[in-house]
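# Summary of structural features
In case you want the letters, here they are:
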There are 2 protein chains.
Amino acid sequence: MTHDWKAIDEAVRVEPGKKSKLRARECVGADLLPDREVAEGALKDCAKAIDVLQDRLWAERSRALLVVLQGIDTSGKDGTVRGVFNQCGPLGVSVTAFGKPTEEELAHDYLWRVHAAVPKKGMIGVFNRSHYEDVLVAKVRGLAPKDAIEQRYDQINAFEKHLSENGVTVLKFMLHISKEEQRQRLQERLDKPEKNWKFNAGDLEDRKLWDEYQAAYETLLDRCSTEHAPWRVIPADKKWRRNAIIAAIVHGTLEEMNPRYPVVEWKPTDYVVE
Amino acid sequence: MTHDWKAIDEAVRVEPGKKSKLRARECVGADLLPDREVAEGALKDCAKAIDVLQDRLWAERSRALLVVLQGIDTSGKDGTVRGVFNQCGPLGVSVTAFGKPTEEELAHDYLWRVHAAVPKKGMIGVFNRSHYEDVLVAKVRGLAPKDAIEQRYDQINAFEKHLSENGVTVLKFMLHISKEEQRQRLQERLDKPEKNWKFNAGDLEDRKLWDEYQAAYETLLDRCSTEHAPWRVIPADKKWRRNAIIAAIVHGTLEEMNPRYPVVEWKPTDYVVE
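Residues numbered from 1 in each chain as written. Chains lettered and ligands numbered in written order. Predicted model: local features only at pLDDT ≥ 70, side-chain atom pairs only at ≥ 80, totals over all residues. Heavy atoms only, no water.

### Side note on helix α10 (residues 210-224) of chain B
Counting along an α-helix, one turn takes 3.6 residues, and residues three or four places apart therefore face a common direction. Taking 1.5 Å as the rise per residue, α10(B) with 15 residues should run 21 Å; its terminal C-alpha atoms sit 21 Å apart, in good agreement. Taken together, the buried positions of α10(B) are Trp210(B), Tyr213(B), Gln214(B), Ala216(B), Tyr217(B), Glu218(B), Leu220(B), Leu221(B) and Cys224(B). (Helix = DSSP H or I, 4+ residues; strand = E, 2+ residues; numbered from the N terminus. Expected span 1.5 Å × (residues − 1). Buried < 20%, exposed > 50% of the residue type's maximum accessible area, 1.4 Å probe, protein only.)

Encoded structure:
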């Protein structure tokens, strides 16, 4: 891992209080991490290291890590879970996909189902979509009154602050792909028979609202990148680069958390196994 | 995979309606699967194949697989999850560990929390311990009236029949280790500082009740190995043999389920991605 991951992290981070300037941000990121072989090696190393740290996190059982993945259709949320967390396996990592809310969920406030899915102490939880849909699709499609949506940014910040003050580190990644890259990925779902089942005609409707979604993303990046839970905008046109950068940031975060095996308060000689 | 997996499956299976004869069953199983290299190769192949089939299960989204892991302390339930399902990653596999019931859970019938954790369509769910604790620890420790426990075997059979009739295939594995093997594994938790945190003095109390637990296991094997959800007693003194056998059975089961990518009802040319 010879790369300057700190510089990469800084480049993708949305500085709290500053404008995110989404339109100026890289979808490709070739300068950021040019060498594919280096990236793939680093991903491998990071995935292993994440697995080791996850074991310590579980042993310590006092904190949790929440990884929020957001991005438009085909941006690679599932692929990121596979690429970054498969080494850990299902034991210490739980994945929650947030789809269209059920009737029961709609009968509660929008953070209700989200709070219920927050990883428990010792776990890494991954959100495939999240409460941010409530300021994305809800805004673009007008699923809630404007005033209510306007209030949500601060509510979300307060919610995430609450989590971070209660032992849950929150990492937020926007998987940023270009409109052309999405076109290719959707087209591939049409062209390859084994991918047909992934194609959803509704995705084309959302694609027509590309600019509106980008604007809604920009607003949430501007307003919800905080000290306790900053946003990172990940160049995601190249899957290998996306995975390597996210793995490096997850790894670095876990290293900073530095979970430790609990020190036992007894001596091994206190016990005899008969 | 040159081995006769069908014969291995038959050997570990508890024939519905017959006595399980737990005491006569192998903890080592050297004859069953002698060659470690063959076993490890097979495990690798099976783990990969399970991953592929899991993807089809998810695409099909009409059925689920529930894998129940039972076994006394140190029998290797976590290790089995890692060994067999890590290839799948956390995306299509959810793991639920059933510990001591909470107050809320105790305020409901004992299957309430179990039913809530049944994997949804498209998923593989793994139970680390399960409703069988309610005829194990509950019985040995007298946590429920005898009459009530006596009724549970039929209730559990009815519950599992219900699941199997509603698209959930139920696979049940008892990880069968010898008393000597447990001694070594507990001792290791005392001897190796990095394993100290796993040691629980309560495990020694349970170890004193070894015979009672074995008897309770034998009863549940006798009474709850059914056509729709038979028990398998897996020789688990050797981890590599345990993982290989379980992976082979999970793989064979998924192959029989034969999940398929949905056939779409439109033509790729119906759509244009603009």
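### Here's the deal with the sheet that holds strand β1 (residues 64-70) of chain A
Backbone-to-backbone hydrogen bonds join strands into a sheet, with any given pair of strands oriented parallel or antiparallel. All names here are of chain A. Pairing is parallel across the open sheet formed by five strands, whose spatial order is β2-β3-β1-β4-β5. Two strands bound the open sheet, and with one partner strand each, they are β2 (93-97) and β5 (231-235). Ignoring strand direction, the axes of neighbouring strands in this sheet form an average angle of 20 degrees. Sheet topology places β2 next to strand β3 (residues 124-128); five bridges connect them, and they run parallel. If you follow serine 94 over to β3, its bridge partner there is glycine 125. Those strands touched by helix α11 (residues 239-257) are β1, β3, β4 (168-176) and β5, and its axis lies near 170 degrees from that of β4. (Pairing = 2+ DSSP bridges. Axes fitted to C-alpha atoms, helices over the stretch in contact; angles between N-to-C directions. Contact = heavy atoms within 4.5 Å.)

### With respect to the packing of helix α9 (residues 201-208) of chain A against helix α10 (residues 210-224) of chain A
Residues and elements named next belong to chain A. Running from N to C, α9 and α10 cross one another at 70 degrees; their axes reach a closest spacing of 4 Å. In this view, α9 runs roughly perpendicular relative to α10, as classed from their interaxial angle. Contact with α9, carried on its side by Asp206, Arg207 and Lys208, involves Trp210, Glu212 and Tyr213 of α10 and no other residues of that element. Looking at the contact of α9 with α10, its residues break down into two nonpolar, no polar and four charged. (Parallel < 35°, antiparallel > 145°, perpendicular 65-115°, else oblique. Nonpolar A, V, L, I, M, F, W, Y, C, P; charged D, E, K, R; others polar.)

### Regarding the packing of helix α3 (residues 77-85) of chain B against helix α11 (residues 239-257) of chain B
All names here are of chain B. Between α3 and α11, the shortest axis-to-axis distance is 9 Å and the interhelical angle comes to 60 degrees. The orientation of α3 relative to α11 falls into the category oblique. With respect to the hand of their crossing, α3 and α11 are arranged in right-handed fashion. Of α11, the residues touching α3 (which contributes Gly79, Thr80, Gly83, Val84 and Phe85) are Arg242, Asn243, Ile246, Ala247 and Val250. (Left-handed = near helix turned anticlockwise from the far one by under 90°.)

### Looking at the packing of aromatic side chains
Each aromatic ring pair is summarised here by two numbers: the centre-to-centre distance and the angle between the ring planes. Under the definition given, this model contains twelve aromatic pairs over all chains. Between Trp266(B) and Tyr271(B), the ring centres sit 5.5 Å apart and the planes meet at 85 degrees, which makes this aromatic pair edge-to-face. An aromatic cluster is defined as three or more aromatic residues linked by ring pairs; in this entry it consists of Phe199(A), Trp266(B) and Tyr271(B). Here the guanidinium or amino end of Arg61(B) rests over the ring plane of Trp58(B), the centre of that ring lying 3.7 Å away. (Phe/Tyr/Trp six-rings, centres within 6.5 Å; stacked < 30°, edge-to-face > 60°. Lys NZ or Arg CZ within 6 Å of the ring centre and 35° of its normal.)

### A closer look at the side chain of Thr74(B)
All names here are of chain B. By the element assignment, threonine 74 lies in the loop between β1 (64-70) and α3. For threonine 74, a relative accessible area of 10% puts it in the buried group. When near neighbours in sequence (up to four residues on either side) are disregarded, threonine 74 contacts Ile177, Gln182, Arg185, Leu186 and Arg189.

### Comments concerning the pairing of strand β5 (residues 231-235) of chain B
All names here are of chain B. Summarising burial for β5: five of the five residues are buried, a large majority. Judged by which residues are buried, β5 turns out to be covered on both faces: Trp231, Val233 and Pro235 on one side and Arg232 and Ile234 on the other are all buried. Sheet topology places strand β4 (residues 168-176) next to β5; five bridges connect them, and they run parallel. Pairing of phenylalanine 173 across the sheet is with arginine 232, part of β5.

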